[in-house]
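Below, each chain spelled out in residue letters.
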Amino acid sequence: MINADDLENWSKGQLGLESTGGDWVSFHRNHGADAIEGDVSFSKNGTSEIVMRSQFKAWTEYMRT
């Protein structure tokens, strides 16, 4: 899914990561409330960050192979 503000979101994220603030990006929103059935993750909330958590989980698996 792509929303109209993706470029703005990622640009602001990059600026934030370049700042002297924290080194971590949090993807905890709705963690624990999402459903996982087998290899498929579901969210009941449109603002859940399960998509990003799933992407990083897949990336971790790719890095291990």
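Anything mentioned here points back to the structure above.
Predicted, not measured: the structure shown is a model, and the values here were computed from it.

### A few points about the overall build of the protein chain
Then step 1. The helix and strand tally for the protein chain stands at two helices and two strands.
Then step 2. Counting helices and strands in the order they occur from the N terminus, the protein chain gives α-β-β-α.
Then step 3. In terms of C-alpha radius of gyration, the protein chain reaches 14 Å, well past the compact-globule figure of 11 Å for 65 residues.
Then step 4. Judged by the C-alpha coordinates and their principal axes, the protein chain covers about 40 × 30 × 20 Å.
Then step 5. When the 65 residues of the protein chain are sorted by exposure, 9% land in the buried category.
Then step 6. Nonlocal contacts in the protein chain, meaning residues at least 24 apart in sequence, comprise 20% of its contacts between residues at least 6 apart.
Then step 7. For the protein chain, the computed accessible surface area is about 6,000 Å², with 58% contributed by carbon and sulfur atoms.
Then step 8. Side chains of the protein chain give 6 positive and 10 negative charges; the mean places of these two sets differ by 6 Å.

### Things to note about unusual backbone geometry
Then step 1. Of note in the backbone geometry, Asn30 takes a positive phi value of approximately 70 degrees without being a glycine.
Then step 2. The topology assignment puts Asn30 in the loop between helix 1 (6–18) and strand 1 (35–37).
Then step 3. With relative accessibility at 22%, the residue Asn30 sits in the partly exposed group.

Rules used throughout
Residues numbered from 1 in each chain as written. Predicted model: local features only at pLDDT ≥ 70, side-chain atom pairs only at ≥ 80, totals over all residues. Heavy atoms only, no water. Helix = DSSP H or I, 4+ residues; strand = E, 2+ residues; numbered from the N terminus. Rg over C-alpha atoms; globule rule 2.2 N^0.38 Å. Buried < 20%, exposed > 50% of the residue type's maximum accessible area, 1.4 Å probe, protein only. Contact = heavy atoms within 4.5 Å. Areas by Shrake-Rupley, 256 points an atom, 1.4 Å probe, with all protein chains shown as cover. Lys, Arg positive; Asp, Glu negative; His and termini not counted. Charge placed at Lys NZ, Arg CZ, Asp CG, Glu CD.

The values are spatial; any link to function lies outside them.
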